[in-house]
Every structure is written in C-alpha cells, then in structure tokens.
Amino acid sequence: MALKIVKGSIDRMFDKNLQDLVRGIRNHKEDEAKYISTCIDEIKQELKQDNIAVKSNAVCKLTYLQMLGYDVSWAAFNIVEVMSSSKFTYKRIGYLAASQCFHESTDVIMLTTNQIRKDLSSPNQYDTGVALTGLSCFVTPDLARDLANDIMTLMSHTKPYIRKKAVLIMYKVFLKYPESLRPAFPRMKEKLEDPDPGVQSAAVNVICELARRNPKNYLSLAPLFFKLMTSSTNNWVLIKIIKLFGALTPLEPRLGKKLIEPLTNLIHSTSAMSLLYECVNTVIAVLISLSSGMPNHSASIQLCVQKLRILIEDSDQNLKYLGLLAMSKILKTHPKSVQSHKDLILQCLDDKDESIRLRALDLLYGMVSKKNLMEIVKKLMLHVDKAEGTTYRDELLTKIIDICSQSNYQYITNFEWYISILVELTRLEGTRHGHLIASQMLDVAIRVKAIRAFAVAQMATLLDNAHLLTGNTQHSGICEVLYAAAWICGEFSEHLEDPMATLEAMLRPKVATLPGHIQAVYVQNAAKLFSTVLCGQEGAPADSKVAQETSQLLIDRLPVFVQSDNLEVQERASCILQLVKYIQKLQQKDVEVAEEVTALFAGELNPVAPKAQKKVPVPEGLDLDAWINEPPSGSESEDEGRKTKGKAVFAREESRHTKPRYTEVDEKELAMRREVRKAEQANNPFYIKASPSSQKVYQEAVGVEHIPVVQIDLSVPLKVPDQYVKLEEERREKNKADRKKKDKKKRREKGRQRRGDSGPESEEDITPAHMVDIVTEEMPENALPSDDDDKDPNDPHKALNIDLDKPLADSEKKLPVRTHRPDEVLKSPIEDAEGLEVTSEPKKKSGKEKDKERKKGKEKKKKKHKQEEGEDLMEAGSEEPVQSKVTNDVAAQPPASTPEASDLDFWLSNAPVPSDPQEAAAVTDAPPASTPDAASGVAAVVPDSEPEETKSSKHKKKKQKKEKDKKKKHHHHHHSDGAREESVQNGTVEDEEPLPPMSNYAMLAENSYIKMVCDIQGNLHDGSQVVVSVIFENKCDSFIKSMEFNVMDSLNSKLQRPEGAGPHDSLTVPFHLPPGISSEARFIFSVQSIVMPQKLKGTLTFIVKTEDSSTHEKLDFKLHFTCTSYLITTPCYSDAYAKLLESGDLKGSSLKLEGINQPFHHLLARICFHHHFSVVERIDSCASMYSRSIQGHHVCLLVKTADQTVSIDAKCDEPGLLRNVLDEIKLTFSQC
Amino acid sequence: MIKAILIFNNHGKPRLSKFYEHYSEDTEQQIIRETFHLVSKRDENVCNFLEGGMLIGGSENKLIYRHYATLYFVFCVDSSESELGILDLIQVFVETLDKCFENVCELDLIFHVDKVHNILAEMVMGGMVLETNMNEIITQVDAQNKMEKSEVRL
C-alpha cells in the first residue's frame, strides 16, 4: 500500500499539470487537435489511478479542455470522485468541474446528494461555500428537493459568508422545486434585515428576482422594501430595490405615489450615475402607472426628461445609450415631452455607434406624426442606403415598416407613396425581411381599396421583373414579395391594364425555381388571371381564336408545375390544367365560358384578425370532444380520422355564419363609400384615374422610368421615390391654399393679421390623399376579449406564482421530504419550527395583550377622573388623522383578508387616493417629508391589533378596546411624574398604583372547540429541563375527552415520555373537559443547548362528544422556547453581583431601545416579569438586574433610561444566549 | 440574472467561459464565437452595451463588456441587471484579478484559469451577484488559497 502511494506520487511528478497542458497546446498550434487527443488519452490513464491527487489534476485539465469545446461528460463519475475528496484543494477542483459540465441530464448527479449534504454541514466554511457555489450551477429538481432543508438551515448559519451563499442559492432551489417557496419564504424575508450587508443584499437579490416574474405576490413586502430604500446606503441594494419597485408599481398605483418623492430626492442627491438612471427609470414606471389616474406629474416628467437629455448629451456613449433607452419608455405615455427633443434624437441617428442608432430608431417610432412621417422615412431610406451591415439595414427596414404601419396606418396620408416605399425596399439585397414587405403589400392592397389599382400596377411590374429579385437565389428572402405580387395581381386582376402580359409573366419557366409556396400562389392566381383574360376576350366575339390561344398558353406552361415536387403546386396545377383543357374543349364548340369561369373566383377575400379562430367561443352545449357518432370499435387511425372530421364540420359551420354577416355590412357601406371615393377622386387632380388610357400614361411616365425597380443595378444607391414626396407636398400646399381661401372668406378682418404668423401646419390640417377605407380585420361574432394567450407555458417562473401572504397551513410548516430519506442528521429544531413563526407570533402577542388590556381597562375605570378625560379629548383631537385611518382600514378590510394585505393597504393609505377624501385629508395633515417615517411607525403597530380584528366574535368590542388602549397610554404618562421615588424590591414595584398582574400564559393555539395557553419555565433543579404548563379551555358546548398531546422532537429538545413509549408517541392529557371548564397540565421537556431559542411543532388530538355523536378533532400548535424561558428568577445581592462583574468571565453586549415612554418602574417590572430577572439595585433611573439560566449562566443587566431612550448594557458568560435574550427584551418592548 | 460571463482575447480565443444556463459544448463554442464577432467589430469609443446574439436569448439579453488591452470581458445579462452596475462589476472583477495576480496580464489568465474561476465564484454565484466589495472578495480568496497551501504542506 505504502509502496503504491510512493509510486503514485512519483508518477505524479511526470504528469502534466494544467500549466503544462496549456503550454503544450500553445506549442502545437499546427496540430492542436491531435495534441489534445493524445492529452485526453493521458488523462484517461490518470483517471484510472487510485491516487486522488492524480485524478484531481486530470479533472482540472479536463475543465480547461471543456472550455475549449471538448465534451468531457464521459469523466462525470471521476469528477464526482474528486468532489468527494476530503481535501479542500481537490474538492474545489471537483466542484468547479461539475459546475462547468454537469446539467440536469447528467445521471451521476444522483450520486452526489449525500456528498453535497455532507459538505454543506462541514465544519469548514469553505467546504460548505464551495459546495453551494457548485450546486448553484447544477442543481436539479431532485437535488433541490432533497437538499432544500439543509440549505434552509444554512440561511441561519453563524457565518455571513455561508448565509449569503445559502440565501442566493435558494432562488435556484425555488425554481427547481417550487414547493419549497412558501415554507422558506418567512426566513428569506427575515434575511432582508440581516445585520450583514452581504446577506441583506443577497436576500434583496433573490426576492427581486422572484418578484420580477410574479410581482403581485410580493406587493405586501413593499413597506419593508420602502424602509430599506430610505435607509440603505448600498447602491447595489438600492438599485435592485428601485428596479423591483418599477415592477411593483404598475400593480399598485398608490405605491407609485408614495415612491415619487423619495425617488425624486435620490435623483437630486445621488452622484452615482447607475443609481440615478435606475431612479429615473422607476419614476417613469410610476408615471406610466399613474398616467390614467393622476392629473399632473409634469414636474416629475420634466425632471426625468431633463436628466435624460443630460445623459444623451454626455460624451460617454454608455450614458447616451441608456438615456435613449429610458427616453423610449417615457415616449409611450408622454410623447409630447419627448417630441420636443426630436433634434437630439435625429442627431443620434448619425452616431457612429450602431447600438445608439438602433435606440434612436426606437424613439423615432413614437415620434412620427402625419406631418413628419414622409420626412423621417426619407431620412431612414438614406440610412438604409448607407448602411453597411445587413443587421442594421434589416433593422432599419423593419423600423420603417413599423413606423408606417403603426396603429393601423394612422400616420400615412398617401398610400401610393407607401407602396412605392415598399417596392423600393424590395431592392435590398440579402434582406431577411422579404416576408415582412410582402405582408405589408398584401395588407395595404387588401385593406385600402382605393389603392388597389396603383398597387396592382406596381405588382405587375414587380412580376415582370421577377428575375431581378430572384437572380441571387441564396439570398432568396426577398422573393417572398413575389408571393404578394402574384396574389395581388390575381385577386385584383380587374385593375390590370394588360392581364395577358402579367399572365404570361407568371407562367415563365423560371418560376419553377421559386420556393414551393410561392409557386402555388402563382399557379392559383394564374387561373384567376385566366378568368379575367377570358372575360375581356369574350366581350369581342371575333377574338375567340385569341381566347383559345390563351388556353393553349396555360396548357403548354402548366405541365412544368404538375411535375413539381411540391405537393400543393402539383395538386393545384393539375386541377387547373384539367379545368383549362375542359374549357378549351368548350371553346372549340364556341360555348361562352367566361362567366362561369369567373364564378369560380367570385367573392371577396377579407382579412381575418390573427387570433380570430382562437377567439371563436364554443357555442353553448357544444362539446368539441364528444363524439358526433358513436365510434365504431375500429382501429385507432380510424378514430383520428373521425376526430378531424368532427372539427371540419365545425369549421364549415363557422364560415357559414360569418360570411353573410360581412357581405351584409359591406353591401350597404360599399355603395356609400364608392360614391364618396368617386367624388374625392374627381376633385383630386393628383389622383390617377382608373381609365385605361390615363393608367397607361402613368405607367410609362412614372412606373417604368422613375420607379427604380426597373433599372436595377445593385451597386447604385437606392433612390427614394421623391416624386411622391413632392406630389404630396404640392398637394398639401394646395390644400392649405384652399383652406386659406376659405378662411379668408370667413373672417376677412382677422385674416390679414393672421397670415403673417400662420406657423407650421397642425396635425389636423393634413388631409389624406385618398379617402382611405381601411378594412378592419374580421373577428368572429361574440369573440371573447382575451389577452392571456401570449404567455409562454414553459416559463419555469410560472410555477413560482405562489401566494406568499396566505398564512402557512399546517401541512406546509415543514418542507415536504421524501420519507425514505435519512434526514435526522441535519434536521435542526429551529428550522423545523421556523415556518410558522410569522403567523404564530402575532397571535401569541394578541392573547397576552388582550388579557392585560382587559385588566387595565377595569382599573382605569376605577381611577378615572375628570382631568384625565380632558387630556383624552385633547390627545384624541391631535391623533385624529391616525384614528381615521385606522377606522378606514378596518372598514375597508374584508374579514378574510390576511394581516399582510391589510397591512399593505394601511401603509399605502398614506398616499392620497383621489376617490377617498378622508384618506386624502389625512395626508395633507401630515407634512410630506415625514410620511415615510410616520408610515413605517404606524405600520409597525398594525400587525399587533390585526389578528384581534380578524376574530369576528370580538368585532364589536374592537373600538372600545382601542379607546381603552389610548387611555392606558395617557394613564402611564400621567403617573410617570409620581413614580420617581418608588422603591423596588425583587421585581415587584411598590407604587400607589401597582402594575396589573401580568400573565405569562401565552396563546398557544385555538379553534372553535378548545383554546390552549401555555407558560414555559426552566426547571431550577434540573439544568436540562423545561416545564411547559398548558391550560386547556373547553370553548364549546360539548364534552371533550381523550386529549392527546404530542410534540415533534428535535435534536435539541425532546418531550419526556413515560418509559417504554416510542419517540413519536403522544402523551395522554390526564383529564376530560366538560363544557366551559379549563384545566392545566404540565409537560416536561429535556433540552440540551439553551443558547438558541427554539420552536417545536405539536399537535393536540381530542374527541368532541355530543349526545348523539362524537368527532375526532385536531389542533396544531407551535411551542416557542425563548431563551428567556431558560432563565430563572434568582435573587442576587449587590456585593456578589459586583464580584461577578469583576471576575471578567462575562462577555458584554448592549441594546438600545428608543421611544419607550413608560415609567421606569414599569419597565423594570416588565423585564422582571417577562424575562425572569430580579432587580439587584436601583438608583434613580438606573438599575442593575440579574438572572440565571437553568444551566447556570449568569446574566447581568445594567438598565439606564433618559428621555424615552433605554440603554441596556448586559454581560453573560454565554454571548449567544445573551444576544438572544436581548433580542427578546427588545421584542417585548417593541410590542408595548 | 447573469446568463454568462466570457473572457476572450482580441482573436476570440476563450480565456474563461462561465455559463449559468446549460448549453452543449458545441453551442457554448458558437456563443463564444458569435459574441466575439459582435463585440470585436465595435470601435473603442462606442457604448459598452449591445443586444445579445441569437444563440443566447437574442434581444431579451444584453451583452455588457469591457475591453482591456488584449482581453474582452463580456457579461451577458437579462433585464433585471443594471447596465451601469454590471460595468462597475466588471471593473471590480478586473481590479480583483489585478490584486490577486499582481499586475494581471493575459498570460495569467491563460495559465491559471482555475484561479480565475475561484475568484469569480466569490463575486457571482449561479448567475446572481454575490459580493461587490473587492476587499471582501480578496479576503475570501486568500483564505481559501491559504487553506490549499496548508494542505499541500501536509
């Protein structure tokens, strides 16, 4: 064995390491592949050895080769071996390799689960760190499920280094295993306030990432993030939060209102450009979300636009780019404020940076108007011409089309111009967007009826010159336009000047080289043309010979298509060929066929909206899946056939009922429109008349010579069809002149003065050249409006759309784990109980407080005197805004809403909502600058009272209670003066008005049958025992019996069960409960470590017995072992206390409480009572206190108070315990 | 989220590639080539952002890069990242490399790609930014290197 090791390490000296490999590759530039393949052979040999050092060296080299593109998945098992080395060096190499090449379908990943779990719990933080980093790259759903609990535990690790990694990786776990989101979320939320900035930033990161995909589930976190935003100084965190708000604000406009001010402040104050930019972005998002509701935020818009202009004008190209990007967002809602910067944006079109040009293009899209469209497009056409890269040119092309076609061609006044632009664009060599141009041509020709004659003429020219477009068949993208051209010429052939020529062009042999779908259109439309030609020829009976020649042309040419390898072409061609042959026969018998042939293609084809079919509602009572006829028990293929048949029947029905509807509308309107159009055409001198002669002139004058399609020389720059621009300008001039004439007539007196400053044309002044009849796309009757059909069903984030506000159900408190999993090793008690923390705590509080309040209330009634009442009134007056908000909130809150949701409403209600005058008033009362503080202060109070409110039985008392509550506060105020000279003894206060007896019994759980309250005390005599006294109260009218109490043990804390009982057996409660009776039982728990607070999950099962029946019920609860409950009130004399402090064994810690306005003796009494301390000495506003844990830790406190601030200096020999106790003290006071 | 981090030289030779989504080795190489093609043809004084190549999500993603001497550092990120923030992050990354390698140059990256990975792992984890504080990153990297050294001695 030893020999083997020595041999291994000697071998190693001769092995190549990574550096040697790299050097070798660099030295073998000519035969790199060959060299690497020999290296891989060597590596395979190395991997066969037992020496882990050799193996890890090999794996390290493989990682490098992987980067060069070599597949190394064959070594996956060896990688796992290296990962499981006990040495960090090798482990790290292994995990790096795994992170680079493992993925979900790597099967050896299954083998890693236990290794990773071991590494996660390693005492060495870097082992854990490396495992987390690796796992983040290759986590699979299985790993996520199996390790979720372990990672969740790590989120509370003592080292921030581990915490932040654990927090971050949870995002990946959520993605792969969505079930973990709800149980883990409370802890994730906690981490937002982690003391370590790195952990906090990680938590913000994760929640932002989650919220970006499903924002509405995270709205309730807005107050927390708001707090972070106003307090954090970390720009990374701020940027993330501000981005998150950008995503949240569309869902909740009130949030936006709250945000505007702090964001504006940040914009003014920050020096970091990144932060400034994100602020501007979010302000924009807010403004967008508000644009409907709020009348005026012009100041904010101005601020944004102005800041963005500064960015765009900056010499830093990055800022310029981002400025344009943000500007385009403003454009959508506030186009006016952007349009004033048109100069700047046009300037950016000339920027040398393509990214910037593209952004500027985006902006142009929103800036066009009827007035400047032609000018802008002309500019763009120049750029198309100059563009070097095809990407940018294609981008320009799509932009031009986008700009022109936006909102139903809203800005196009002259469609002839647009068609000629499209024709112009077909000259772009190698563009990918032929289909785009084609669909535009089709769309315009179909929907703008007035333009058809012109369009058809242009298309005929295109067809005639088809060889120029298809000349370069590799770049055949552009030949798509022939598809459109052929269809338009066929469908609207009545506008063709020389249909015969076009027909001939469409049947040229070269057509057979076009893509199949285009040929098919050619063939079909050739038939349409044929029918038109026949019509024309049969009109003159002498030409029957010519007509027969036409048929012969088709018969000659079509066979090429019949032989096509494209099925559709073949089928259409042979159908039409047979048809033509038949026609020819008839023609030979001198039968007139034109009319019948034309009938084949009668009727208009109308555009159908893209989603029309999907939106056809299924008629009531129709089940598409139901059989129309009972299926014969035949083969499956037959079944399928039937199914499709069923669908076909449905489709036919559909078309039957939509078609007549359309023609009905059309018939009436068409007549009217035709009249209008004729009148318009007659009046418009620039309109090309439809008479054959004029069209011919036009063709020659404009079409052939000026439209550059014809004179193709691809090296020649594109020529913008200026004539249309000019024509249009002239037309506008003329229109203007006409209008002016009219104006003059109307107001002769004013006319003179006005003429001088007639200024630029306004939008409305421009009348379209044609009475444009844009046919809308057809939609089925009763189409359902729906916008939800755009979502990607495969988006992994869909699974994370989970309501996080709903309190965790019992079944969710713990992450589900597979039962066979050996998970005892790592299951920490805290983590088991963690899930419910958020929900259980307020309940407990409310229980306690209710007791107190009730008692205090009584006493106050006794002691109330006139003076107090006066004070009450005054205070009540000053507190009115708050109160009105509270009542508002209560009224608005539906009984079932969750505390978080109403909390959010409450928090948000500080922002004015126009519809709610009361709330608006509340805000105007408070100075705006203080709103954030006030809001967070108030928000903190709300959760306490909320759970009470949700208990419907106590609804009526609520208001009274609140009043009492307030009185209590005044009461304390009142007595603080007199409390100066009281003496304190062992935690009880001698006072004229002693504190009401406080109860340590906290609400444990409650349902309609039973209520459980409990008190947890350490056992003085046994350092490892805690006694839990539970009072069971029967709340119902039935007898409760057979109560069984069970708690799920954790590693640290176990319920003591009688000997012989199994670790999961429950304890029988030794009594029955008649209606209305309560009784107490004690349970003893053994604990090991008392340093950390813990939570245990338990269940009470019981039988409710009524006279006629009995039901089995169950109630879940969580036992919270606070660190306080491990402390035992122990008296201590001042000299012993002094000695203890002098010993130097104790470590210190401190705590500051602010805004405590209760008298000092009440404060001390509370600490004594709730946290089991005793007062050692008290001098004025300073006191020393002492307590001892059940395991003998000394805890010493020095409490001082001054102006509502209480500082507590504490010492203890167990810092962890001390920290937790102090946290609990803090919590106690934050609740009063 | 950061989708990928690539370092390549002026000739498009990869010096480090870290993909936070899985692609096959071939696709990874294509992405590197495509990215190099997009980035390398840009002038020095143009902006550092551009839309991602077709292979890596197209316009959903952005490429944010910096060019230092012979090397391009390219981050491919989605819309949740702040562009200027990532630029700063690249700067932090490079400065960290500079500190760890003492005057970093391309050769350091060529021969010690594993170390570069280890440094990167302290900054970005699973596509999310883990740490932006250079001192903290260096502390953690040094501590791990120390551990490695102590293991060698054993």
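Residues numbered from 1 in each chain as written. Chains lettered and ligands numbered in written order. Predicted model: local features only at pLDDT ≥ 70, side-chain atom pairs only at ≥ 80, totals over all residues. Heavy atoms only, no water.

Chain B goes by AP complex subunit sigma in an unreviewed UniProt entry, where it is assigned to Oncorhynchus kisutch. Quoted straight from UniProt, the Sequence similarities (unreviewed entry) entry for chain B says "Belongs to the adaptor complexes small subunit family." (UniProt positions renumbered as here; feature names shortened; annotations may be inferred.)

Trainee: Please explain the sheet that holds strand E3 (residues 1002-1006) of chain A as it appears in this structure.
Mentor: Sheet strands pair via backbone hydrogen bonds, and the direction of the pair is either parallel or antiparallel. Residues and elements named next belong to chain A. Pairing is antiparallel in the open sheet, where five strands are placed in the order E3-E4-E5-E9-E7. In this open sheet, the two edge strands, each paired with only one partner strand, are E3 and strand E7 (1053-1055). Within this sheet the neighbouring strands show an average axis-to-axis angle of 30°, counted without direction. In terms of strand pairing, E3 meets strand E4 (residues 1010-1018) through four bridges, oriented antiparallel. When the sheet's bridge partners are listed, Met1003 is paired in E4 with Val1013. (Pairing = 2+ DSSP bridges. Helix = DSSP H or I, 4+ residues; strand = E, 2+ residues; numbered from the N terminus. Axes fitted to C-alpha atoms, helices over the stretch in contact; angles between N-to-C directions.)

Trainee: Please explain the interface of chain A and chain B as it appears in this structure.
Mentor: One frequent convention defines the size of an interface as the accessible area lost when the parts assemble. With 61 residues of chain A at the interface, the matching set in chain B holds 58 residues. The largest contributions to the chain A side of the interface with chain B come from Met67, Arg92 and Trp236 of chain A, which together make up 14% of the buried area. One salt bridge in this structure joins Glu148 of chain B and Arg92 of chain A, with 2.7 Å as the shortest N-O distance. Our count for the chain A to chain B interface comes out at 30 residue pairs in polar contact (both at pLDDT 80 or more). In terms of residue class, the side of chain A that touches chain B is made up of 28 nonpolar, 15 polar and 18 charged. (Contact = heavy atoms within 4.5 Å. Buried area = accessible area lost by both parts, 1.4 Å probe. Salt bridge = Lys/Arg side-chain N within 4 Å of Asp/Glu carboxyl O. Polar contact = N/O pair within 3.5 Å; in protein donor to acceptor, adjacent residues only side chain to side chain. Nonpolar A, V, L, I, M, F, W, Y, C, P; charged D, E, K, R; others polar.)

Trainee: In this structure, what is going on with the sheet that holds strand E6 (residues 1039-1047) of chain A? I would like to understand it.
Mentor: Residue and element names in this part refer to chain A. On the basis of which strands lie adjacent, the open sheet formed by four strands has the order E8-E6-E10-E11 and antiparallel pairing. Of all strands in the sheet, those with a lone pairing partner are strand E8 (1067-1068) and strand E11 (1110-1121), marking the two edges. The sheet contact formed by E6 and E8 spans two bridges and is antiparallel. Across the sheet, Glu1044 pairs through a bridge with Thr1068, a residue of E8.

Trainee: Quick question: what am I supposed to make of the side chain of Lys399 of chain A here?
Mentor: All names here are of chain A. Here Lys399 lies in helix H23 (residues 390-409). Lys399 gets classed as buried once you look at its relative accessible area, which sits at 11%. In contact with Lys399, other than residues within four places in its own chain, are Leu361 and Asp362. (Buried < 20%, exposed > 50% of the residue type's maximum accessible area, 1.4 Å probe, protein only.)

Trainee: Looking at this structure, how should I read a nonpolar patch on the surface?
Mentor: Residues and elements named next belong to chain A. A grouping of Phe77, Met110 and Leu111 is seen on the molecular surface, where their side chains present a nonpolar patch of about 350 Å² in accessible area. Looking at the element boundaries, Leu111 is found in the loop between helix H6 (88-101) and helix H7 (113-120). With relative accessibility at 49%, the residue Leu111 sits in the partly exposed group. (Patch = residues over 30% accessible without salt bridge, like charges linked within 9 Å, V, L, I, M, F, W, Y side chains within 5 Å. Areas by Shrake-Rupley, 256 points an atom, 1.4 Å probe, with all protein chains shown as cover.)

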